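Summary of the model geometry
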Amino acid sequence: PDSVDVRVQVPDPPTTEFSWGIALGTGSGVSGRISLVKNNADLTRTPSDWSVSTFVEEFLENRAFHGGGQTVSILLQPGTQRSLFELSIYEPDVFRRHEDPFGLRVLGARRVDFEETYTTDVLSAELGLVKQLGFQSSAQLLFRQSTTEIENINPAAPGIVFASEGNNNEIREV
């Protein structure tokens with residue numbers, strides 16, 4: 001024959017990073033940290049069954065949520081002075097232009113700061129278009145929206161804190 005089919009199998013390097021820790025600081029109190037980063041993710045490649053055992057098995061064996069080139073990051077950081085939750089998704093070729101790709105970055109976060117005389121609750125979202133310029137350089141257009149709520153105000157709090165109580169103070173950036 002004039003042609004031969006060749007099949008090459010290249011093993012994937014480890015694509016999932018899981019880390020955890022506990023910290024104690026004089027100014028920041030006690031906090032925990034759990035982080036999961038999945039590289040080469042594919043959010044459209046769901047498990048064959050949503051039972052816990054099948055989900056975990058297929059996720060760990062790279063048969064679910066794997067192979068699309070996306071990066072998914074989840075951070076959970078509860079603490080006595082500050083708590084943070086963050087979910088980030090990065091799609092490196094959102095327009096499927098393979099030769100000249102543009103990436104899409106989506107991030108959602110919630111941060112709660114437990115101050116001595118009040119609590120701030122910040123909900124934020126980011127949406128960014130990313131263009132790789134070289135191996136280690138990129139340009140991005142980023143839209144960010146944040147909403148801050150001040151609550152649980154103690155009578156000893158500064159006056160400016162009382163003026164902002166319960167208000168949704170929004171910040172938009174481009």
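Check the entry above for the structure.
Residues numbered from 1 in each chain as written. Predicted model: local features only at pLDDT ≥ 70, side-chain atom pairs only at ≥ 80, totals over all residues. Heavy atoms only, no water.

A word on helix α1 (residues 52-60)
Considered for burial, the residues of α1 that qualify are Thr54, Glu58 and Phe59. What you see down the axis of α1 is that its buried residues fit within an arc of 120°, all on one side. Among the exposed residues of α1, those oriented more than 90 degrees off its buried face are Val52, Ser53 and Leu60. Check the buried side of α1 and you find it contacts β1 (16-25) and β2 (29-41). Just past α1, the residue Asn62 takes up positive phi, approximately 60°. (Buried < 20%, exposed > 50% of the residue type's maximum accessible area, 1.4 Å probe, protein only. Helix = DSSP H or I, 4+ residues; strand = E, 2+ residues; numbered from the N terminus. Arc of directions from axis to C-beta. Contact = heavy atoms within 4.5 Å.)

Concerning the pairing of strand β3 (residues 70-77)
The pairing of β2 with β3 spans six bridges and is classified as antiparallel. Counterpart to Leu36 in the pairing with β3 is Ile74. In terms of strand pairing, β3 meets strand β4 (residues 82-91) through seven bridges, oriented antiparallel. Bridged to Ser73 within β4 is Ser88. (Pairing = 2+ DSSP bridges.)

Comments concerning the pairing of β2
Each regular strand shows side chains that alternate between the opposite faces of the sheet. In terms of strand pairing, β1 meets β2 through ten bridges, oriented antiparallel. Paired with Leu24 across the strands is Val30, a residue of β2. The loop that links β1 with its antiparallel partner β2 comprises three residues.

Observations concerning a nonpolar patch on the surface
The grouping of Phe18, Trp20, Ile22, Leu24, Val30, Ile34, Ile74, Leu76, Phe85 and Leu87 at the surface amounts to a nonpolar patch, some 1,000 Å² of accessible area in total. At four residues, the largest contribution of residues to the nonpolar patch is made by β1. Mapping Ile34 onto the fold places it in strand β2. Residue Ile34 is classed as partly exposed on the basis of its relative accessible area of 40%. (Patch = residues over 30% accessible without salt bridge, like charges linked within 9 Å, V, L, I, M, F, W, Y side chains within 5 Å. Areas by Shrake-Rupley, 256 points an atom, 1.4 Å probe, with all protein chains shown as cover. Salt bridge = Lys/Arg side-chain N within 4 Å of Asp/Glu carboxyl O.)

Side note on the pattern of salt bridges
Tallied over the entire structure, the rule returns eleven salt bridges. Between Arg63 and Glu58 there is a salt bridge whose closest N-O contact spans 3.7 Å. The salt bridge partner of Glu126 is Arg144, with a shortest N-O separation of 2.8 Å. Separated by 18 residues along the polypeptide, Glu126 in strand β6 (residues 119-132) and Arg144 in strand β7 (residues 138-151) bring together distant segments of the chain. Via salt bridges that share partners, Glu57, Glu58, Glu61 and Arg63 belong to a single interconnected network.

Overview of the environment of Gln9
If you trace the backbone, Gln9 turns up in the segment before β1. Taking the relative accessible area as the measure of exposure, Gln9 reaches 64% and is therefore exposed.

Let's talk about the packing of aromatic side chains
All chains considered together, the criterion is met by five aromatic pairs. Centre to centre, the rings of Trp50 and Phe55 are 5.9 Å apart; their planes meet at 25°, and the pair counts as stacked. Under the relative-accessibility criterion, Trp50 is labelled exposed at 56%. Given the relative accessible area of 29%, Phe55 is considered partly exposed. Considering the side-chain rings of Phe95 and Phe102, the 6.2 Å spacing of their centres and the 65° angle between planes classify their relative orientation as edge-to-face. Phe102 gets classed as partly exposed once you look at its relative accessible area, which sits at 22%. Each residue in the set Trp50, Phe55, Phe59 and Phe65 is aromatic and connected to the rest through ring pairs, giving one cluster. Note that Lys131 overlies the ring of Phe102, its terminal NZ or CZ placed 5.2 Å from the centroid. (Phe/Tyr/Trp six-rings, centres within 6.5 Å; stacked < 30°, edge-to-face > 60°. Lys NZ or Arg CZ within 6 Å of the ring centre and 35° of its normal.)

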